[in-house]
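# Examination of the molecular architecture
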Amino acid sequence: MDPKVAAQGQLHDNADTTQSTADLTAFVQNLLQQMQTRFQTMSDSIITKIDEMGNRIDDLEKSIGDLIKEVGVEPATPQQPNNGPADSSKSSITNS
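The paragraphs below set out a description of the structure included in this document. Every value quoted in this text rests on a predicted model; they were computed, and no experiment measured them. (Residues numbered from 1 in each chain as written. Predicted model: local features only at pLDDT ≥ 70, side-chain atom pairs only at ≥ 80, totals over all residues. Heavy atoms only, no water.)

Let's shift gears to the overall build of the protein. Counting its secondary structure elements, the protein contains one helix and zero strands. Carbon and sulfur atoms make up 57% of the accessible area of the protein, which amounts to about 9500 Å² in all. (Helix = DSSP H or I, 4+ residues; strand = E, 2+ residues; numbered from the N terminus. Areas by Shrake-Rupley, 256 points an atom, 1.4 Å probe, with all protein chains shown as cover.)

Inspection of the entire model under this criterion finds one salt bridge. In this structure, the salt-bridge partner of Asp66 is Lys62, at a minimum N-O distance of 3.1 Å. Of this pair, Asp66 and Lys62 both sit in helix 1 (residues 3–71), separated by four residues, roughly a single helical turn. A residue is classified by how much of its surface remains accessible, and Asp66, at 36% relative accessible area, is partly exposed. (Salt bridge = Lys/Arg side-chain N within 4 Å of Asp/Glu carboxyl O. Buried < 20%, exposed > 50% of the residue type's maximum accessible area, 1.4 Å probe, protein only.)

Let us look at a nonpolar patch on the surface. A surface patch of nonpolar side chains, amounting to about 990 Å² of accessible area, comprises Leu24, Phe27, Val28, Leu31, Leu32, Met35, Phe39, Met42, Ile46 and Ile50. Among the structural elements, Phe39 can be located in helix 1. (Patch = residues over 30% accessible without salt bridge, like charges linked within 9 Å, V, L, I, M, F, W, Y side chains within 5 Å.)

Okay, here's the thing in structure tokens:
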């Protein structure tokens with residue numbers, strides 16, 4: 001084979017490889033940009049829904065408070081668990 005023809009073929013192959021690499025890089029960058037846009041859209045949507053839910057919960061709490069005032073009932077206070085000393089007679093561990 002003629003050395004000039006072989007050299008031209010290698011240059012052509014190198015150009016094709018470089019172009020293929022550039023095309024692949026552009027494709028991956030475009031794909032990543034699309035994914036980032038979609039994730040940002042989903043994130044914004046989720047945050048909006050959480051904010052709306054928080055507002056609805058606040059409205060519900062206010063309505064419940066208004067109903068309690070209207071009826072004249074004191075709101076129940078949460079009961080605290082008894083954290084006193086343990087009764088050793090109720091222990092399931094026995095000394096032998």
